[in-house]
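# Notes for the structure review
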Amino acid sequence: MRFVDALVALATAHGADALIGTVAEELPALAAGAGRLAAAGVATWLPDPEAVGICCDKAAFARAMRAAGVPHPATTDTPAGLAAVGGPWVVKPRAGRGSRGVRLLDTRAEVVEAMHGDASLIAQTRLTGREFTADALVDRDGELVTVVPRWRDDTRAGISVKGTTFDSAEVTAVVAAALEAVQLTGPANVQGFVADDGRASVVEINPRFSGGLPLTLAAGADVVSAHLAGIRDPHARLRHLWFTPGVRMSRYFAETYTADDGSPVADPCEATAAVTAVRA
């Protein structure tokens with residue numbers, strides 16, 4: 001397996017002693033190669049491939065939530081199943097990320113046409129309310145180390161660019177139930193909605209750290225260090241991590257400039273700002 005061979009070579013070259021998987025689709029390959037990584041001195045703590053498979057297949061995930069009684073939007077992966085799935089609808093690929101291929105449709109005819117045109121699509125009842133994400137860490141025995149919910153105050157291309165941590169017993173309970181239903185351990189990113197009446201529903205679980213993880217760290221829950229401690233010592237007792245509600249994050253973009261040889265080029269905006277400041 002060239003992927004694991006490359007990781008072993010990199011770990012050896014740089015003296016790495018632990019590996020944290022950050023791409024869900026790579027986790028089964030890492031699990032298969034865990035023995036070779038261990039022989040090279042690289043410790044791992046990887047979730048069960050079956051749990052990863054359920055999380056990465058939105059139709060299978062919906063079935064798991066329904067079987068466990070976890071609130072989740074009605075879902076079908078066949079046009080015939082639309083009879084039990086009310087609209088309006090969200091149509092999306094069974095496997096995907098970052099809102100790629102997601103469509104919001106208002107008529108059953110549109111949904112049927114889309115699903116006949118692409119057998120990889122699923123259809124779900126479109127949830128209303130306020131969207132949340134929760135960073136979670138589950139120890140090797142299945143016990144929750146922490147759940148840190150945050151509102152997705154603003155998103156772009158499926159990525160949260162503004163968020164606020166909050167505390168909710170309802171959200172924490174539904175996140176815990178969803179994680180238990182798929183038997184996932186390690187880091188997880190759980191997404192869902194809180195309806196106007198306060199009831200929470202789970203939409204999906206990403207079996208990895210989230211892109212918005214820095215907000216969880218800023219709120220005081222150092223899930224990365226806790227996970228790393230659990231990787232290096234499989235018998236480590238991971239203490240519960242607390243966090244501060246009401247911590248806000250705003251993400252901005254910045255431009256950098258380089259010449260053909262890679263040397264930095266001065267940011268013209270900084271020069272303009274400096275001149276303005278001098279004149280003021």
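Summarised in this report is the structure supplied together with it. Predicted, not measured: the structure shown is a model, and the values here were computed from it.

Our focus in this paragraph is the overall build of the protein. When you go through the protein residue by residue, the secondary structure sums to 10 helices and 10 strands. In terms of overall dimensions, the protein has C-alpha extents of about 65 × 60 × 40 Å along its principal axes. By the burial criterion, 41% of the 280 residues in the protein qualify as buried. In the protein, 61% of the contacts between residues at least 6 apart in sequence involve partners at least 24 apart.

The next subject is empty space enclosed by the protein. Summed over all chains, the structure comprises one cavity of 30 Å³ or more. Its volume calculated, the largest cavity comes out at about 70 Å³. Around the largest cavity, the lining residues are Leu-19, Ile-20, Gly-21, Leu-27, Trp-45, Leu-46, Pro-47, Pro-187, Pro-207, Arg-208 and His-227. Here the residues of the lining of the largest cavity are counted per class, giving eight nonpolar, two polar and one charged.

Counting residues in each nonpolar core, the largest one holds 27 residues, and the members touching the most others are Phe-132, Val-175, Leu-179, Val-182 and Ile-205. For this core, the elements supplying multiple residues, two or more each, are helix H4 (49-56), helix H5 (58-68), strand E5 (130-138), strand E6 (144-156), helix H7 (169-182), strand E8 (186-194) and strand E9 (200-206). No other element matches H7, which puts six residues into this core. Once residues within four sequence positions are removed from consideration, Leu-179 is found in contact with Ala-136, Val-138, Leu-144, Leu-184, Ala-188, Val-190 and Ile-205. Counting residues in each nonpolar core, the second largest holds 17 residues, with Leu-137, Val-145, Ala-221 and Leu-241 among its members.

The next thing to look at is the sheet that holds E9. The six strands are arranged E9-E8-E5-E6-E7-E10 in an open sheet whose pairing can be described as antiparallel. Each edge of the open sheet is held by one strand with a lone partner, namely E9 and strand E10 (248-250). Strand-to-strand twist of the sheet, defined as the mean angle between neighbouring strand axes without regard to direction, takes the value 35°. Alignment of E5 against E6, held across seven bridges, turns out to be antiparallel. Its bridge partner being in E6, Phe-132 is matched across the sheet by Trp-151.

Enumeration according to the criterion identifies nine salt bridges in this entry. We note a salt bridge from Glu-131 to Arg-152, for which the minimum N-O separation is 3.2 Å. Here Glu-131, found in strand E5, pairs with Arg-152, found in strand E6; they are 21 residues apart in sequence, far enough to count as distant. Assessed through its relative accessible area of 25%, Glu-131 is described here as partly exposed. Using a relative accessible area of 13% as the deciding quantity, one classes Arg-152 as buried. Where Asp-135 meets Arg-150, a salt bridge forms, and the shortest distance between an N and an O atom there is 2.6 Å. Here Asp-135 is found in strand E5, whereas its partner Arg-150 is found in strand E6, with 15 residues between them in sequence.

Our focus in this paragraph is the environment of Phe-193. Within the secondary structure layout, Phe-193 lies in strand E8. Between the C-alpha atoms of Phe-193 and Gly-129, which are 64 residues apart in sequence, the distance is 6.0 Å. Discounting residues that sit within four places of it in the chain, Phe-193 has contacts with Leu-127, Thr-128, Gly-129, Arg-130, Glu-131, Phe-132, Arg-199, Ala-200, Ser-201 and Val-203.

Below, the discussion takes up the layout of surface pockets. Approximately 230 Å³ is the volume attributed to the second largest pocket. Lining the second largest pocket are 16 residues, and of these Asp-139, Asp-141, Ala-236, Arg-237 and Leu-238 sit closest to its centre. Considered class by class, the residues forming the lining of the second largest pocket number six nonpolar, three polar and seven charged.

Attention shifts here to the pairing of E9. Counting buried positions over the seven residues of E9 gives seven, a clear majority of the element. What sits between E8 and E9 in their antiparallel hairpin is a turn of five residues, with Gly-198 showing a positive phi close to 95°.

With that settled, consider the packing of H5 against H7. Relative placement of two packed helices is described by the angle separating their axes and the distance separating the axes. Viewed as axis vectors pointing N to C, H5 and H7 meet at an angle of 110°, and their least axial separation amounts to 9 Å. What the angle tells us is that H5 and H7 run roughly perpendicular. For the element pair H5 and H7, the recorded crossing hand is right-handed. The segment H5 lies against H7, with Phe-61, Ala-64, Met-65 and Ala-68 engaging Ala-178, Ala-181 and Val-182.

So, on to the pairing of strand E7 (residues 159-165). In terms of residue burial, E7 counts as a mostly covered element, since five of its seven residues are buried. Strand direction decides the pairing type here: E6 and E7, joined by six bridges, are antiparallel. For Arg-152, the partnering residue across the bridge sits in E7 and is Gly-163. Of the pairings in the sheet, the one linking E7 to E10 comprises three bridges and is antiparallel in character. By the bridge assignment for E10, Gly-163 is matched with Met-249.

Calculation notes
Residues numbered from 1 in each chain as written. Predicted model: local features only at pLDDT ≥ 70, side-chain atom pairs only at ≥ 80, totals over all residues. Heavy atoms only, no water. Helix = DSSP H or I, 4+ residues; strand = E, 2+ residues; numbered from the N terminus. Buried < 20%, exposed > 50% of the residue type's maximum accessible area, 1.4 Å probe, protein only. Contact = heavy atoms within 4.5 Å. 1 Å grid on protein atoms, 1.4 Å probe; cavity = no way out; pocket = protein on both sides within 12 Å on 5 of 7 lines; lining within 4 Å. Points joined across faces, edges and corners; volume = space filled by probe spheres on them. Nonpolar A, V, L, I, M, F, W, Y, C, P; charged D, E, K, R; others polar. Core = buried A, V, L, I, M, F, W, Y, C linked by side-chain atoms within 4.5 Å. Pairing = 2+ DSSP bridges. Axes fitted to C-alpha atoms, helices over the stretch in contact; angles between N-to-C directions. Salt bridge = Lys/Arg side-chain N within 4 Å of Asp/Glu carboxyl O. Parallel < 35°, antiparallel > 145°, perpendicular 65-115°, else oblique. Left-handed = near helix turned anticlockwise from the far one by under 90°.

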